[in-house]
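Observations on the model geometry
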Amino acid sequence: MPVSTHEVEQRAKYDKYLGGEAMCPYRLVLEHVTSRWGVLVLIQLLDRPYRFSELRRAIGRVSEKMLTQTLQTLERDGLVHRDAQPVIPPRVDYSLTGLGREAARQVRELALWTEQRMPDVERAREAYDEAKRA
């Protein structure tokens, strides 16, 4: 199938950014989405909205500071919606935006692939380590 001029231009732009001259917007968003905590937040929020404390428990082993930073970054990128309700005590719920759901589905597919292919990865690691020892 022929590739449009627009697609060629977009790929060239994408390839240039991956080359790493400067920190480009594409690369930054990719880092946010695929960061250790970004991946886990996105996948978890696919199920339903969460309050901060329950999201932290669901993810596990993430500091309050790191989860706060991750949520703020994903919110700034338009992937997470923060709903602060004016009640006492304060209630804040986090959910995915439409864009966030799209990204989360992609990340979840990668996570599922990783889980399914882990035996192959382990075999490759063992073969690599064995070859290095020899």
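See the structure above.
Since the model is a prediction, treat every value here as computed from it, not as a measurement.

Right, let's talk about the overall build of the protein for a bit. Secondary structure assignment for the protein yields six helices and three strands. Walking the protein from its N terminus toward its C terminus, one meets helices and strands in the order α-α-α-β-α-α-β-β-α. Burial statistics for the protein: of 134 residues in total, 22% are counted as buried. Only carbon and sulfur atoms are counted for the fraction: they give 54% of the accessible area of the protein, which is about 9900 Å².

Looking now at the packing of aromatic side chains. Applying the stated criterion to the full structure yields zero aromatic pairs. Directly above the aromatic system of Tyr 50 lies the positively charged group of Arg 48, at a separation of 3.9 Å from the ring centroid.

Within strand S3 (residues 91–96), five of the six residues are buried, leaving the element largely enclosed by the surrounding structure. Hairpin remark: strand S2 (residues 80–85) followed by S3, antiparallel, with five residues in the connecting loop.

What follows is about the environment of Val 107. In this structure, Val 107 sits in helix H6 (residues 98–133). On a C-alpha basis, the gap between Val 107 and Val 33 in space is 7.8 Å, while along the polypeptide they are 74 residues apart. Once residues lying within four places of it in the same chain are set aside, the contact partners of Val 107 are Val 33, Val 39, Leu 42 and Ile 43.

Secondary-structure assignment places Asp 93 in strand S3. Judged by relative accessible area, Asp 93 falls into the buried class, the value being 11%. Reaching out from Asp 93, the side chain makes a polar contact with the side chain of Gln 85 at a distance of 3.2 Å. Only 3.0 Å separates the side chain of Asp 93 from the side chain of Arg 91, close enough to count as a polar contact.

A few words on the environment of Gln 85. Mapped onto the elements of the fold, Gln 85 is located in strand S2. Ignoring sequence-local partners within four residues, the contact set of Gln 85 consists of Pro 90, Arg 91 and Asp 93. Looking at Gln 85, its side chain comes within polar contact range of the side chain of Asp 83, at 3.3 Å.

The full count for this structure, using the stated rule, is five salt bridges. As a salt-bridge pair, Arg 48 and Glu 54 come within 3.4 Å of each other at their nearest N and O atoms. Residue classification places Glu 54 among the partly exposed residues on the basis of a relative accessible area of 23%. Arg 123 is the partner of Asp 120 in a salt bridge, and the nearest nitrogen-oxygen pair spans 2.3 Å. Here the residue Asp 120 and the residue Arg 123 both occupy positions in helix H6, the gap between them amounting to three residues, near one helical turn. What emerges from the salt-bridge pattern is a single network uniting Arg 117, Asp 120 and Arg 123.

Rules used throughout
Residues numbered from 1 in each chain as written. Predicted model: local features only at pLDDT ≥ 70, side-chain atom pairs only at ≥ 80, totals over all residues. Heavy atoms only, no water. Helix = DSSP H or I, 4+ residues; strand = E, 2+ residues; numbered from the N terminus. Buried < 20%, exposed > 50% of the residue type's maximum accessible area, 1.4 Å probe, protein only. Areas by Shrake-Rupley, 256 points an atom, 1.4 Å probe, with all protein chains shown as cover. Phe/Tyr/Trp six-rings, centres within 6.5 Å; stacked < 30°, edge-to-face > 60°. Lys NZ or Arg CZ within 6 Å of the ring centre and 35° of its normal. Pairing = 2+ DSSP bridges. Contact = heavy atoms within 4.5 Å. Polar contact = N/O pair within 3.5 Å; in protein donor to acceptor, adjacent residues only side chain to side chain. Salt bridge = Lys/Arg side-chain N within 4 Å of Asp/Glu carboxyl O.

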